[in-house]
Amino acid sequence: MADDDEIILSELPDEELVLQMHDDLYDGLKEEIEEGTRILLDRGWTPYDVLTGALVSGMKIVGDDFRDGILFVPEVLLSANAMKAGMTILKPLLAETGAPRMGKMVIGTVKGDIHDIGKNLVAMMMEGAGFEVVDLGINNAVEKYLEAIATEQPDILGMSALLTTTMPYMKVVIDTMKEKGLREDYIVLVGGAPLNEEFGKAIGADAYCRDAAVAVETAKTLVARKHNQLSA
Ligand code: B1M
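Please read all numbers here as calculations on a predicted model, not as lab measurements. (Residues numbered from 1 in each chain as written. Predicted model: local features only at pLDDT ≥ 70, side-chain atom pairs only at ≥ 80, totals over all residues. Heavy atoms only, no water.)

Here's the deal with the coordination of the cobalt atom of the ligand
And then number 1: From the protein, the cobalt atom of the ligand takes a single donor atom, His115 (NE2), 2.2 Å away.
And then number 2: With respect to the helices and strands, the residue His115 is situated in the loop between β1 (103-109) and α5 (117-128). (Donors = N, O, S within 2.8 Å, 3.2 Å for Na, K, Ca; no water. Helix = DSSP H or I, 4+ residues; strand = E, 2+ residues; numbered from the N terminus.)

And the structure:
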């Protein structure tokens, strides 16, 4: 027999379930997030809607309270782990769209920065849109990016930074590509919460991507343009 105050996720209507998932994400409850994610999928939610409507929106609340000093690193780490558990369920579903092969992207979070949720989300959505993605993980020095583009020969290099102290490193990577005469061979896309369009332009990226959906659309447009130029 369930306790009076025990919440049965599967009995909640969608709207309440999403609010409960926000609470569970806040409290870093990985298993509950996994369960909520599965329930929404079983109810016919698309993987993309679960991702944005339940998980990303919940992480926004965590982010706001972290900023305001209400939550601290250990708590946010638990939230991040719960978020990742939900994303792990969604990943194969997002990749399963049968989209035609669009191109290849190497992506990684820059040196000094260990934030990877947004980067992982971009990688997932890009895969879902038909891109092959090589994920370099976190804390990447310029050498790592250069090595990866030499080995993988991608269409796109993607960089993520979540800290105002690490975002300038994107310029280090782009400047090094220029010095080595490599810059024009690749589309460079950048993203992360503290960036904006102006910053993207100032450091010489091809585009700043506000979120994962914009990253996919921008990648599609720029890859198609590049292929047209090559075949013209
Ligand atoms: Co960090 N952290 N954190 N943190 N953390 C921020 C970024 C912060 C804004 C919180 C705050 O308000 N104070 C703040 C930065 C302030 C600043 O620089 N101005 C901050 C800080 C200060 C820190 C530490 C320094 C804290 C400390 O130790 N005292 C430390 C730094 C560690 C380091 O990196 N060296 C730190 C640590 C951590 C945790 C480890 C606890 C954890 C990371 C866990 C993980 O990633 N595995 C964490 C988290 C979770 C956050 C917040 C709360 C959430 C980030 C997140 O995952 N958002 C964040 C607050 C915030 O952003 N409001 C914060 C959800 C994600 C879906 O969004 O990452 O923006 P986002 O990605 C989006 C877009 O930006 C875009 O698409 C994504 C999907 O739509 N995008 C791209 C991102 N990358 C892209 C790449 C592309 C394209 C688009 O390439 C083409």
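Quick word on the packing of helix α3 (residues 47-67) against helix α4 (residues 73-95)
And then number 1: Running from N to C, α3 and α4 point in directions that differ by 170 degrees, and their axes come no closer than 10 Å. Taken together, the axes of α3 and α4 lie roughly antiparallel to each other. Taken together, the residues of α4 that come into contact with α3 (itself represented by Pro47, Tyr48, Val50, Leu51, Leu55, Val56, Met59, Val62 and Phe66) are Val73, Val76, Ser79, Ala80, Met83, Gly86, Met87, Leu90, Leu93 and Leu94.
And then number 2: Here the contact of α3 with α4 is composed, by residue class, of 17 nonpolar, 2 polar and no charged. (Axes fitted to C-alpha atoms, helices over the stretch in contact; angles between N-to-C directions. Parallel < 35°, antiparallel > 145°, perpendicular 65-115°, else oblique. Contact = heavy atoms within 4.5 Å. Nonpolar A, V, L, I, M, F, W, Y, C, P; charged D, E, K, R; others polar.)

Topic: the UniProt feature "domain: B12-binding" (unreviewed entry) in the protein chain
And then number 1: The UniProt feature table records "domain: B12-binding" (unreviewed entry) at residues 102-232.
And then number 2: Annotation note: span residues 102-232, helix share 47%, strand share 19%, distance between end C-alpha atoms 19 Å. (UniProt positions renumbered as here; feature names shortened; annotations may be inferred.)

Here's the deal with the site of the ligand
And then number 1: Taken together, 33 residues lie near the ligand, and Arg67, Ile114, His115, Asp116 and Ser160 sit nearest.
And then number 2: Taking His115, its side chain carries an N or O atom lying 2.8 Å from a nitrogen atom of the ligand.
And then number 3: With respect to the ligand, the backbone of Ala193 contributes an N or O atom lying 3.3 Å from an oxygen atom.
And then number 4: When grouped by side-chain class, the residues that make up the shell around the ligand number 19 nonpolar, 8 polar and 6 charged.
And then number 5: Among the domains, domain 1 (8-99) and domain 2 (101-232) are the pair contributing at least three residues each to the shell around the ligand. (Near = heavy atom within 4 Å. Polar contact = N/O pair within 3.5 Å; in protein donor to acceptor, adjacent residues only side chain to side chain. Domains from an automatic or database assignment.)

So, the sheet that holds strand β5 (residues 207-209)
And then number 1: The strand order across the open sheet built from 5 strands is β2-β1-β3-β4-β5, with neighbouring strands paired in parallel fashion. Two strands bound the open sheet, and with one partner strand each, they are β2 (131-135) and β5. Neighbouring strand axes in the sheet, compared pairwise and without regard to direction, differ in orientation by 25 degrees on average.
And then number 2: Contacts from α5 reach β1, β2 and β3 (156-160), with the element oriented near 155 degrees to β2.
And then number 3: Against the sheet, helix α6 (residues 142-152) contacts β1, β2 and β3, and its axis sits at roughly 165 degrees relative to β1. (Pairing = 2+ DSSP bridges.)

A few points about the pattern of salt bridges
And then number 1: A complete count under the given rule lists 14 salt bridges for this structure.
And then number 2: Lys119 serves as the salt-bridge partner of Asp135, at 3.0 Å between the closest nitrogen and oxygen. Of this pair, Asp135 sits in strand β2 while Lys119 sits in helix α5, placing them 16 residues apart in sequence.
And then number 3: Asp135 sits in the partly exposed class, given a relative accessible area of 37%.
And then number 4: Among the residues examined, Lys119 registers a relative accessible area of 3% and is labelled buried.
And then number 5: The shortest N-O distance in the salt bridge between Asp211 and Arg210 comes to 3.9 Å.
And then number 6: Asp211 sits in the partly exposed class, given a relative accessible area of 34%.
And then number 7: Several salt bridges converge on common partners, so that one network encompasses Lys60, Asp64, Arg67 and Asp68. (Salt bridge = Lys/Arg side-chain N within 4 Å of Asp/Glu carboxyl O. Buried < 20%, exposed > 50% of the residue type's maximum accessible area, 1.4 Å probe, protein only.)

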